[in-house]
Amino acid sequence: MSRLETKKPSLCKSEPLTSESVRATLAVLKEIVTSCYGPSGRLKQLHNGLGGYVCTTSQSSALLRNLPVTHPILKILTTSVQNHVLCSRDCGLFTAILCCNLIENVQRMDLTPTTVIKLNKHLLSLCTSYLKSEACGCRISVDFSSTQIPLSLTHSIITSKPACMLTRKEVEHISTLILRAFLLTIPESTEDPVILGQSIIVPGKGQRVTDSTVLPGILIDMSEVQLRRLLPIQKPHALKVALFCISLSGDFSDTGEGTLVVPSGVSLENAALDQLLNLGRQLVSDHVDLVLCQKVVHPSLKQFLSSHGIIAIDRLGVTLMESLSKVTGTQPIGSLGSVSPSSYGSVKEVGSTQFGSKHFFHLIPDKATVCSLLLCSRNDTAWDELKLACQTALHALQLTIKEPWVLLGGGCTETHLAAYIRNKTHSEAESILKDCGCTQAELQLMAKAFCSALESPACSLEHDGGEILTDMKYGHFWSVQAESPSVRNWSDLLSRCGCGLLSSQEQLGWSFLRSMHPPFAPPTYLPCAAVGLAAVRSASSLTVDCLTAKLNGLQVAVETANLILDLSYIIEDKN
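For clarity, every value in this text was computed on a predicted model and none was experimentally measured. (Residues numbered from 1 in each chain as written. Predicted model: local features only at pLDDT ≥ 70, side-chain atom pairs only at ≥ 80, totals over all residues. Heavy atoms only, no water.)

*Asks:* Run through the overall build of the chain, naming residues and quoting values.
*Replies:* A count of helices and strands for the chain gives 17 helices and 20 strands. The principal-axis extents of the C-alpha atoms in the chain amount to approximately 90 × 75 × 45 Å. Considering only intrachain contacts with a sequence separation of at least 6, the fraction spanning at least 24 residues in the chain is 75%. Counting every atom, the chain has about 28200 Å² of accessible surface; 52% of that belongs to carbon and sulfur. (Helix = DSSP H or I, 4+ residues; strand = E, 2+ residues; numbered from the N terminus. Contact = heavy atoms within 4.5 Å. Areas by Shrake-Rupley, 256 points an atom, 1.4 Å probe, with all protein chains shown as cover.)

*Asks:* Describe helix H3 (residues 72–88), and please don't skip the residues or the numbers.
*Replies:* Residue pairs spaced three or four apart in an α-helix point in one direction, given the helix's 3.6 residues per turn. Compared with an ideal rise of 1.5 Å per residue, which puts 17 residues at 24 Å, H3 spans 24 Å between its outermost C-alpha atoms and is within 8% of the ideal. Within H3, the full set of buried residues consists of Ile73, Leu74, Leu77, Thr78, Ser80, Val81, His84, Val85 and Ser88. Looking down the long axis of H3, one finds its buried residues gathered within 150° of arc, a one-sided arrangement. Among the exposed residues of H3, those oriented more than 90 degrees off its buried face are Leu86 and Cys87. The inward-facing, buried residues of H3 contact helix H1 (20–36), helix H2 (60–66), helix H4 (92–107), helix H12 (380–402), helix H17 (547–565) and strand S20 (569–572). (Expected span 1.5 Å × (residues − 1). Buried < 20%, exposed > 50% of the residue type's maximum accessible area, 1.4 Å probe, protein only. Arc of directions from axis to C-beta.)

*Asks:* Explain the pairing of strand S15 (residues 405–408) residue by residue, including any values.
*Replies:* Here strand S4 (residues 139–141) pairs with S15 via 3 bridges, running antiparallel. Each residue of the ladder has a partner; that of arginine 139, found in S15, is leucine 407. For S15 and strand S19 (residues 544–546), the ladder comprises 3 bridges, and the chain directions are antiparallel. Residue pairing across strands places valine 406 opposite cysteine 546, the latter belonging to S19. (Pairing = 2+ DSSP bridges.)

*Asks:* So what's going on with empty space enclosed by the protein? Which residues, and what values?
*Replies:* Picture a little ball the size of a water molecule; that probe, rolled over the atoms, points out where space is still empty. Scanning the model with the defined rule gives 3 cavities of 30 Å³ or more in all. In this structure, the largest cavity encloses a volume near 50 Å³. Lining the largest cavity we find Phe94, Leu131, Thr413, Glu414, Leu417, Leu454, Lys550 and Leu554. Secondary structure elements with two or more residues in the lining of the largest cavity: helix H13 (412–427) and H17. By residue number, the principal contributor to the lining of the largest cavity is H13, which donates 3 residues. Of the residues in the lining of the largest cavity, the class split is 5 nonpolar, 1 polar and 2 charged. (1 Å grid on protein atoms, 1.4 Å probe; cavity = no way out; pocket = protein on both sides within 12 Å on 5 of 7 lines; lining within 4 Å. Points joined across faces, edges and corners; volume = space filled by probe spheres on them. Nonpolar A, V, L, I, M, F, W, Y, C, P; charged D, E, K, R; others polar.)

*Asks:* Before we move on, could you go through the sheet that holds S4 and cite the residues and values that matter?
*Replies:* The 3 strands lie next to each other as S4-S15-S19, forming an open sheet whose pairing is antiparallel. Of all the strands in the sheet, the pair left with one neighbour each is S4 and S19. Adjacent strand axes in the sheet meet at a mean angle of 40° when their direction is disregarded. Along the sheet, helix H6 (residues 148–159) makes contact with S4, S15 and S19, crossing S19 at roughly 90°. (Axes fitted to C-alpha atoms, helices over the stretch in contact; angles between N-to-C directions.)

*Asks:* Outline the layout of surface pockets, listing residues and values.
*Replies:* Counted as a void, the second largest pocket has a volume near 650 Å³. Those elements that place two or more of their residues in the lining of the second largest pocket are strand S5 (198–205), strand S7 (218–222), strand S13 (358–364) and H12. Taken together, the residues that form the lining of the second largest pocket break down as 11 nonpolar, 10 polar and 5 charged.

*Asks:* Give a description of the nonpolar core that names residues and reports values.
*Replies:* Among the nonpolar cores identified, the biggest contains 124 residues, and Leu77, Ile103, Leu131, Met446, Leu454 and Leu554 are the most heavily contacted of them. In this structure isoleucine 103 touches Leu17, Leu26, Leu77, Ala561, Ile564 and Leu565, once residues within four positions along its chain are discounted. Formed by 30 residues, the second largest nonpolar core is a distinct cluster that contains Leu227, Leu292, Met321 and Phe360. (Core = buried A, V, L, I, M, F, W, Y, C linked by side-chain atoms within 4.5 Å.)

*Asks:* I'd like to hear about the environment of leucine 433, residue by residue, with values.
*Replies:* Here leucine 433 lies in helix H14 (residues 429–436). Between the C-alpha atom of leucine 433 and that of leucine 17, which follows or precedes it by 416 residues, the distance is 27 Å. Those residues within four positions of leucine 433 in sequence are excluded, and the remaining contacts are Cys438, Thr439, Gln440 and Leu443.

Printed below as a string of structure tokens:
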């Protein structure tokens, strides 16, 4: 078929970052993600002009998924952040803010992209080496024999999502439930490697947040009438379970372009039903107590199984299949032929549970590592945000059990790390110049831009015009409320640092963040007294971040910035 219109030539743009429109677009994206950051971040409402779903959020996963982006440079940036969030679940806004600020800071300098990228890589390696080293002054080891630090981690994640609209009591309740749900997914055996279980989030919209609870096993939503027909079932032993991942409705699959030849006098429907009933007879002879099916079960087969005391539940959907297999220990059955005895599993017992107007069929395992988190919230918007926050917290705990460290939160890791890099580039300048092959002036310019970008997420925590300080000993983040009275001694206005570890009464010197001051070497250890005191205080008194998520976010931000800064041409096909 001939083309209806002439093919347009591809559009080629050189040095895309020199364009004012591109810089303005990056500045808008930076403003959007910056204004969302932290517990007091501003919410964003995303919808299109034609109507439809309205998303209210401050979380990067929902924000970037619903934000229409057309420019290739912005697509690179947002896709990198989305891929990071897909892997780590957390620190998406941190990654985006750091990347945007690093690009913006470098654009102000007259340095070649080769020099910038080489120095960025070296400074990134200094950061990652420090954060992974034993001599790191901004990380805390996690001992899962105590719940204090894991609870602080879940509390920090939940409080950083303002669209969840939770009170302090509700935050504490949800944080405790998340930790309890996570602990239920840890197997009792100490096999290596340890395979964690799964927490299934069950919606309870329109209920009080404090009605949320955690139950071992799986909750299957069904009507009260169905439950009464299926229950009660009482057996002196565990219930034998068969799990089917195919349709038991008797329908025929599509033959495609082939031809199905049916002999005269043969009824396909009756033949299919006979096959299903033969399967039912085998299930009866194998003493199966419970049949679970991903798709539809034929009414005649249901009636046959019910007449022999077998419970049949269908339309479970593909999302529950993996969890059902873990809970029951079954191998999903994918054919209507003879069923192998090894495919069967078992559950300890079954029961019913009611929450508000909802009724659930409850599969209670013996030692399975699957649990159900019944999550309640007042409305759909708050529940969507709370679900994302809970998934983030659960994933952060999974990452932490693999790498049992957390970083100080509340902006303290960023300011501490910036202080460390400033001192490192000052005290070891000669070795860095030798490794990177640059001049002293280039190193100073790049170190200033890199450290300023590192501090930008910490600066983004202040949304109300307050002053931001850093202490000259540990390099922690301190915030002063806007319109505070002028005082000679900052300790009269300050209470605790951003992470909550340090008190202002510790005779610390302060300086405005990003102001000119001599480099200093922050201690490569945490104050033991402060850590010990934090361990006995409530979870809300200490703010921490997942080490793995933040470290990955740092690497993604710098590498994405390097990629964008190295772009010389953009070629777009306009057809």
